[in-house]
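# Breakdown of the fold
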Amino acid sequence: MTNPMGNTGRNRGPGLPTPPSGWPVGSYPTYAEAQRAVDYLADNQFPVENVTIVGVDLMQVERVLYRLTWGKVIGGGMVSGAWLGLFIGLLLSLFSTSGNQYWPLLVGLVGGIIFGVISTAIPYAATRGQRDFASTMQLVAGRYDVLCDPKAAEQARDMLARLAI
């Protein structure tokens, strides 16, 4: 399990980024292969606290998902707003003292739809057609190096050589 603050105990202070250290014991084209190598070391009782996976030649990759239109923007806003509105309406109905428990749900649904449409339409209109697509961003590396503390690097290199066979 990784620490979200990046503090492994070897850092100079809490959450401060430090360059990786160690000797390279393996280099892999994908993160999955580097992860498999470290898992192999762990399965064979190697002290993996001495190991670091380092992404080299980082790239920011934007993958285009689909073209945006006013219909998709408004429809998406309605759907996300409806879910939020139903959730808020459900919470309100739990604490409602009136006899009709469905009234807070209806008010929450309508309010959520209005809020969802407004909160998606305004930012889309502000782009003025300069960004008519939806996408996701990823940080990817050209290769992944497995580094190891020098005192155990030779053992790790020998073990990973057996993995490749």
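Here, the structure is the one placed above.
All values derive from a computational prediction rather than experimental measurement.

### Some words on helix H2 (residues 70–94)
- Over its 25 residues, H2 runs 36 Å from end to end, which matches the ideal 36 Å to within 8%, given 1.5 Å per residue.
- Buried within H2 are the following residues: Val73, Gly77, Gly81, Ala82, Gly85, Gly89 and Ser93.
- Close packing links the buried residues of H2 with helix H3 (102–126).

### Some remarks on the nonpolar core
- Among the nonpolar cores identified, the biggest contains 18 residues, and Val25, Leu41, Phe46, Val51, Val146, Cys148 and Leu160 are the most heavily contacted of them.
- If you list the elements that add at least two residues to this core, you get strand E1 (23–28), helix H1 (31–43), strand E3 (133–148) and helix H4 (150–164).
- If you tally residues by element for this core, the top one is H4, at six residues.
- Not counting chain neighbours up to four residues away, the residues in contact with Phe46 comprise Leu41, Val51, Cys148, Ala152, Gln155, Ala156 and Met159.

### Quick look at the environment of Thr120
- Position of Thr120 relative to the elements: it lies in helix H3.
- According to the relative accessible area criterion, Thr120 is partly exposed, its value standing at 25%.
- In this structure, the C-alpha to C-alpha distance between Thr120 and Val107, residues 13 residues apart in sequence, is 20 Å.
- If sequence neighbours within four positions are ignored, Thr120 has contacts with Val73 and Gly77.
- Here the side chain of Thr120 touches Gly116 through a polar contact of 2.9 Å, landing on its backbone oxygen.

### A short note on the packing of aromatic side chains
- Under the criterion given, the structure shown has two aromatic pairs.
- Seen in terms of ring centroids, Tyr31 and Tyr144 are 5.6 Å apart; in terms of plane orientation they differ by 70 degrees. Their pairing is edge-to-face. Of the two residues, Tyr31 sits in helix H1 while Tyr144 sits in strand E3, which places them 113 residues apart along the sequence.
- Tyr31 gets classed as partly exposed once you look at its relative accessible area, which sits at 42%.
- Judged by its relative accessible area of 12%, Tyr144 is buried.
- Look at Trp70 and Tyr124: their rings are 4.8 Å apart centre to centre, the planes differ by 85 degrees, and that puts the pair in the edge-to-face class. Here Trp70, found in helix H2, pairs with Tyr124, found in helix H3; they are 54 residues apart in sequence, far enough to count as distant.
- For Trp70, a relative accessible area of 43% puts it in the partly exposed group.
- Judged by relative accessible area, Tyr124 falls into the buried class, the value being 12%.

So, how was this worked out
Residues numbered from 1 in each chain as written. Predicted model: local features only at pLDDT ≥ 70, side-chain atom pairs only at ≥ 80, totals over all residues. Heavy atoms only, no water. Helix = DSSP H or I, 4+ residues; strand = E, 2+ residues; numbered from the N terminus. Expected span 1.5 Å × (residues − 1). Buried < 20%, exposed > 50% of the residue type's maximum accessible area, 1.4 Å probe, protein only. Contact = heavy atoms within 4.5 Å. Core = buried A, V, L, I, M, F, W, Y, C linked by side-chain atoms within 4.5 Å. Polar contact = N/O pair within 3.5 Å; in protein donor to acceptor, adjacent residues only side chain to side chain. Phe/Tyr/Trp six-rings, centres within 6.5 Å; stacked < 30°, edge-to-face > 60°.

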